[in-house]
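So you can see what is in the structure, the chains are spelled out below.
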Amino acid sequence: MSINRKELFLRACRGETPPRLPVWMMRQAGRYLPEYREIRAKHAFLEVCKTPDLAMEVSLQPFRRLGVDAVIVFSDILIPAEAMGLGLELGDAGPNLPNPVRSKADVDKLRNFDPEVETGFLPEAIRRIVKSVGPEVPVLGFAAAPWTLACYMVEGKTKEGFASVKSFLYHEPRTFRELLHRIAEATIPYLKAQIAAGAAAVQLFDTWCGELDLDDYNRFALPVAQEVISGLGHRVPVIYYTKASHHLLPAIAQSGANVLSVDWRVDLTEIRKSLGPRIALQGNVDPAVLLGPPEKIRAVTLDAVASLSGQGHILNLGHGILQNTPVENAQLFIEAGQQSLLQDVRPAAQAS
């Protein structure tokens, strides 16, 4: 019996074993694709995010070119920061928030926003993508987890160690918790608007939670991740992505997410053994592997497919695809995952 992409994806989110693994890639709409570079030659990054037709077009490019099993809407995790009142610059050099949040007065100035008004371009892009791909393909929405968005809002940009963030957190923990709570309060309706527009699942990116030790993760990052996830009311599956977070995984599993998306530093088999089958897993091929020779890409992909025997597993990279990845290598990763019948995979992977 054939099964469409959306049902394949949702079965994996529910912890079931579909006939084959669903496969997609974080940052799959991006600079490794020549058709994306053509659009970016004419339009700035934020302009693409805020123009529904352009956002739809770049979201669909990897679906057309690679045949991925899920289409994630093209946007940026910092869009809510701008809607909350911060200036935002997004260029090829990375994000910049020129007036970062560094005090209680700065936190008090942040505002809640109506996602269909201030960020209406995003749900509109999702509506157009859903209409284009039809009911058999899952469209994914996303947002930053409150801790990760707070890192950018306080630091102003990406910085090793996030010294300003941790200084704020340790000197003014109550104010910092208020910042996290305000972000969570804004994120819930932001994601609900994406779900109402047709998102079949949403992903919460907590890229920088690995900067915290277990105690601080439990005190600051986890409660607001739980607040967001519970605030969505189980409307659709929630995928929770964390990076460099091996030391946090038992706590992360308490987030309420349906799926944990993990990076390449951890062994999926070990995670499944320690966390059990109640939570699905996404990942976790090293994006740099896609810079290697075809036989390496195929072997690592098949090992990832075999690691969980298909149960509750969405095949993905452990972080976003690198911009210098050859398109044919991305294609090989997708096809190797999609063509591997689960019962036949382990011998092939071991033989490699």
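Residues numbered from 1 in each chain as written. Predicted model: local features only at pLDDT ≥ 70, side-chain atom pairs only at ≥ 80, totals over all residues. Heavy atoms only, no water.

Peer 1: How would you explain the overall build of the chain if you had to name every residue and give the values?
Peer 2: Tallying secondary structure elements over the chain gives 16 helices and 9 strands in all. What you see for the chain is a C-alpha radius of gyration of 19 Å, in line with the 20 Å of a compact globule of 352 residues. Taken along the three principal axes of its C-alpha coordinates, the chain extends 60 × 45 × 35 Å. Burial status across the chain gives 59% buried among its 352 residues. Counting only contacts in the chain whose residues sit at least 6 apart along the sequence, the fraction spanning at least 24 positions is 74%. By element, 50% of the accessible surface of the chain is carried by carbon and sulfur atoms, the whole surface being about 14000 Å². (Helix = DSSP H or I, 4+ residues; strand = E, 2+ residues; numbered from the N terminus. Rg over C-alpha atoms; globule rule 2.2 N^0.38 Å. Buried < 20%, exposed > 50% of the residue type's maximum accessible area, 1.4 Å probe, protein only. Contact = heavy atoms within 4.5 Å. Areas by Shrake-Rupley, 256 points an atom, 1.4 Å probe, with all protein chains shown as cover.)

Peer 1: Tell me about the state of the cysteines, residues and numbers included.
Peer 2: If you walk through the whole model with that rule in mind, you get 0 disulfides. Cys 209 takes part in no disulfide bond, and the closest cysteine sulfur, belonging to Cys 151, lies 9.3 Å away. (Disulfide = S-S within 2.5 Å.)

Peer 1: Please provide a residue-by-residue account of the side chain of His 319, values included.
Peer 2: Within the fold, His 319 resides in the loop between strand S9 (313-317) and helix H15 (327-339). When sequence neighbours within four positions are dropped, the list of residues in contact with His 319 reads Met 26, Arg 27, Thr 207, Tyr 241, Lys 243, Trp 264 and Pro 287.

Peer 1: Before we move on, could you go through helix H13 (residues 268-275) and cite the residues and values that matter?
Peer 2: Owing to its 3.6 residues per turn, the α-helix brings residues three or four apart onto one side. Of all the residues in H13, the buried ones are Leu 268, Ile 271, Arg 272 and Leu 275. Here the buried residues of H13 occupy an arc of 100° about the axis, which is enough to place them on one side. Opposite the packed face of H13, turned more than 90 degrees from it, sit the exposed residues Glu 270, Lys 273 and Ser 274. Summarising the contacts, the buried residues of H13 are in contact with helix H12 (249-252), strand S7 (259-261), strand S8 (280-285), helix H14 (294-307) and S9. Measuring from the backbone nitrogen of Thr 269 back to the side-chain oxygen at the start of H13 gives 2.9 Å, which picks out Asp 267 as the cap. With its phi angle positive at about 85°, Gly 276 sits one or two positions after the end of H13. (Arc of directions from axis to C-beta. Polar contact = N/O pair within 3.5 Å; in protein donor to acceptor, adjacent residues only side chain to side chain.)

Peer 1: Give me the nonpolar core: which residues, what numbers.
Peer 2: Note that soluble globular proteins tend to have their nonpolar side chains buried in a common cluster. Met 25, Trp 147, Met 153, Phe 176, Leu 179, Tyr 217 and Phe 333 are the most contacted members of the largest nonpolar core, which has 132 residues in total. Sorting elements by how many residues they give to this core places helix H10 (residues 173-196) first, with 10 residues. Ignoring sequence-local partners within four residues, the contact set of Trp 147 consists of Val 165, Leu 169, Phe 176, Leu 180, Asp 206, Trp 208, Cys 209, Leu 212 and Ala 221. (Core = buried A, V, L, I, M, F, W, Y, C linked by side-chain atoms within 4.5 Å.)

Peer 1: An account of the pairing of strand S4 (residues 139-144) is needed here, citing residue identities and associated values.
Peer 2: The buried fraction of S4 amounts to 6 of the 6 residues, a majority that puts the element mostly inside the structure. Residues Val 139, Gly 141 and Ala 143 point to one face of S4 and Leu 140, Phe 142 and Ala 144 to the other, with burial holding for every one of them. Pairing of strand S1 (residues 71-72) with S4 involves 2 bridges; the strand directions are parallel. By the bridge assignment for S4, Val 71 is matched with Val 139. Note that S4 and strand S5 (residues 201-206) share 5 bridges and pair parallel. Within the sheet, the bridge partner assigned to Leu 140 lies in S5 and is Ala 201. (Pairing = 2+ DSSP bridges.)

Peer 1: Let's hear about the packing of helix H9 (residues 163-171) against H10: which residues, and what values?
Peer 2: In contact at an axis separation of 5 Å, H9 and H10 are set at 115° when each is read in the N-to-C sense. Within the contact between the two elements, H9 uses Val 165, Phe 168, Leu 169, Tyr 170 and His 171 and H10 uses Pro 173, Thr 175 and Phe 176. Broken down by class, the residue content of the contact of H9 with H10 amounts to 6 nonpolar, 2 polar and no charged. (Axes fitted to C-alpha atoms, helices over the stretch in contact; angles between N-to-C directions. Nonpolar A, V, L, I, M, F, W, Y, C, P; charged D, E, K, R; others polar.)

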